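# Secondary and tertiary structure notes
For reference, the chains in residue letters:
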Amino acid sequence: MSTPGVLSFTQQAWEQVLAKVKRAVVYLDAACAESLHWGCGSSRLLEAVGNSACYLREFEPAAVGGGAEHPKAVFVLSCLLKGRTVETLRDIICRSHFQYCVVVTAVNHAVHLTANHVPPAAAAELEGQQPVFEQLEEKLCEWMGNMNYTAEVLHVPLLLAPAAPHLALTPAFASLFPLLPQDVHILNRARPDKRRLGNLAEVDATTLTPELLLTIRCLVSGLSSLCEHLGVREECFAVGSLSRIIAADLANFAPAKNRRKTATGRASVVFVDRTLDLTGAVGHHGDNLVEKILSVLPQLPGHTNDVMVNMVELTALQAEEENQNIVAPGCLAQSNDPAAKALWEALLNTKHKEAVMEVRRHLVEAASRENLPIKMSMGRVTPGQLTSYIHLFKNNLKALRNHCGLLQLGLATVQTLKHLQTAKWDNFLAFERLLLQSIGESTMSVVLNQLLPMIKPSNQRTNDDYSPEELLVLLIYIYSVSGEFSVDKDLGEGEEKVKKALAQVFCEESELSPLLQKITGCDSSINLTFHKSRSAMDELFTSLRDIAGARNLMKQFKSVYVPGNHTHQASYKPLLKQVVEEIFNPERPDPVDIEHMSSGLTDLLKTGFSMFMKLAFLYKSDSPQKSLIPRPTRSGYQAVIVLSTRLLKPTNIPELLFTTDRLHPDLGF
């Protein structure tokens, strides 16, 4: 039996679902569909359903119900069974002819008790019982129109979308984003009769909004199930304010306490706030092909982590824009194709040059196995060369079927290499390098002045110029890498110039992009006045200053900027890299910024060394324990797993930073 990991965790969870779906109409929400997509593929679900017709439907209020020929339905949901979610269930069932309904939720029953305001003491007395699920089962029968019909409600931990053996994503929490200093002011306004919070360090679970607290508890529920699957007793650590709250919640999660008593393995779970370092997320330093594919290809509809690959090249259709929607798109996730999975994992772990050579090697080997007339060529890999190899499969249906996954990754590579945005990648990189040198030699106002000539209205921009969205990406880079800076008159004037120029550019856009619509609150440039645009800029720059000050509370990880000297240019050192180096530091001093969250008495001791417990026993290089720390850079660990809410690309960050309601995530209530 293979070692338990994120893939086996996800596949075992889906096996529980697949056991219920025979001859059923299956409704999935977007997050569960994404978990299925990466974990075992929709074909596995269709096989389990067993009907020739396709009975997979999106879970939404307007979803088509089931006719008399469809007596069974299975609903697979990532969220709490409450509010709008239950209303949608009711509406679909009431307009259908179901006699047997199964509802699967990724959130366990203990969290449903919390959501229904059951006190912890009362919840403890209900151990082994599931009253919330039982009540919903009765409702399901009522909606089906006969109390003798069959209804089941069960919890299955469909938390992850496993992108690789040691990399998994949490689609249901793609919009969960760490708090910023401005959020402290909002929290204070909601608690006028209580002690005011001074900064993010004083924010804890008791001060959060109910929606955010429940979102965290839903995430913790899934992480606890993962730890159970891995057979580990976890120790929780945090870098950052929201991470501290999540780590503390997992450490004190009541259903996990009995599990930990019998666990034979040990794990170190380190949570890190992404806002402490957005430089890498918006930067273009990464020499990785997958990073570029994710950045330039369009997003797969309904997904947060995969892209659309245009497959028209493999058909007889002309590669015209109007034909792109005729053929179903390809994608990166190839869960049922071992050869394509091996290539995908290689692309994730190699540099750009080696990655494109790996794509060529796989295409050549596949063509050779199919006896296709391939002409070998060495040297530099070009898009044209890869395209010629891919075209060999075009008129050979057997070869096309055998290597469909590989061809999708090959086309993704070709389309990325030929994309205009890829050519612009080097422009971004050059400007970011210039900024790194300027930051060490100039004030922030001078750095902002360098940006001013690049802010151009749409009628003056060429393909080499930066769009408003790209300018926002550059601003986030500037403020994140700079970190804390002194605010003076020159900075105020520099910011005012950039605000005014950007506000004017927003107003002169012929059409507002979805991001600009969210930022300005206007659905059309016709309705966007300069005053509205200017107000949006003020809010935007408040967030930028918050990002610059995100590491203010850190003692050890205060900077990601490494100044230049006579032998080295100034550079960027990712915060995650600093955290990993600290974790694996053989000297192992007290880790000031990596905070240990205890589930026992020591959590109550808030003085001196007890607040920051030593990690020595957790990070011994000869310890045979599992670890959920960022990268496997040292031997002695059985496994290293990276979990992320999503695969970020530069354009994701402005939306998460400027338009996400961090304190009130949508729970479907």
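Residues numbered from 1 in each chain as written. Predicted model: local features only at pLDDT ≥ 70, side-chain atom pairs only at ≥ 80, totals over all residues. Heavy atoms only, no water.

### Some thoughts on the domain arrangement of the protein
- Here the protein is partitioned into domain 1 (6–161), domain 2 (166–277) and domain 3 (298–418).
- Summarising the inter-unit geometry, the C-alpha centres of domain 1 and domain 2 are found 26 Å apart.
- Both faces considered, domain 1 and domain 2 share a buried interface measuring about 1700 Å² in area, 73% of it formed by carbon and sulfur atoms.
- Linking domain 1 with domain 2 are zero salt bridges.
- In this structure, the connection of domain 1 to domain 2 is made through five residue pairs in polar contact (both at pLDDT 80 or more).
- Considering only residue class, the side of domain 1 that touches domain 2 consists of 13 nonpolar, six polar and two charged. (Domains from an automatic or database assignment. Buried area = accessible area lost by both parts, 1.4 Å probe. Salt bridge = Lys/Arg side-chain N within 4 Å of Asp/Glu carboxyl O. Polar contact = N/O pair within 3.5 Å; in protein donor to acceptor, adjacent residues only side chain to side chain. Nonpolar A, V, L, I, M, F, W, Y, C, P; charged D, E, K, R; others polar.)

### Description of the sheet that holds strand 12 (residues 595–597)
- Taken together, three strands build an open sheet; the order of strands is 9-8-12 and the sheet is mixed. In this open sheet, the two strands that pair with only one neighbour each are strand 9 (265–272) and strand 12. Adjacent strand axes in the sheet meet at a mean angle of 30° when their direction is disregarded.
- Sheet topology places strand 8 (residues 232–239) next to strand 9; eight bridges connect them, and they run parallel. Bridge assignment links Glu 235 to a residue of strand 9, and that residue is Ser 268.
- This element, helix 10 (residues 241–251), spans strand 8, strand 9 and strand 12 of the sheet and lies at about 160° to strand 8. (Pairing = 2+ DSSP bridges. Helix = DSSP H or I, 4+ residues; strand = E, 2+ residues; numbered from the N terminus. Axes fitted to C-alpha atoms, helices over the stretch in contact; angles between N-to-C directions. Contact = heavy atoms within 4.5 Å.)

### Details of the pairing of strand 4 (residues 100–105)
- Burial of strand 4 is extensive: five of the six residues sit out of reach of the surface.
- Examined bridge by bridge, strand 3 (residues 72–77) and strand 4 share six bridges and lie parallel to one another. Within strand 4, the position partnered with Phe 75 by the bridge is Val 103.
- Regarding the hand of the β-α-β motif, the stretch spanning strand 3, helix 4 (residues 84–94) and strand 4 is right-handed.
- Looking at chain direction, strand 4 and strand 5 (residues 150–155) are connected through six bridges and run parallel. The residue of strand 5 that forms the bridge with Cys 101 is Ala 151. (Buried < 20%, exposed > 50% of the residue type's maximum accessible area, 1.4 Å probe, protein only. Right-handed = clockwise from strand over helix to strand, strands pointing away.)

### Focus: the nonpolar core
- Core analysis: the biggest nonpolar cluster contains 69 residues, and Leu 472, Leu 475, Tyr 479 and Leu 502 have the highest contact counts within it.
- For this core, the element with the most residues is helix 21 (residues 468–482), which contributes ten residues.
- Ignoring any residue separated from it by four or fewer positions in sequence, one finds Tyr 479 in contact with Met 444, Leu 448, Phe 485, Glu 495, Phe 541, Leu 544, Arg 545, Ile 547 and Ala 548.
- Residues Phe 9, Leu 179, Val 232 and Phe 253 belong to the second largest nonpolar core, which totals 47 residues. (Core = buried A, V, L, I, M, F, W, Y, C linked by side-chain atoms within 4.5 Å.)

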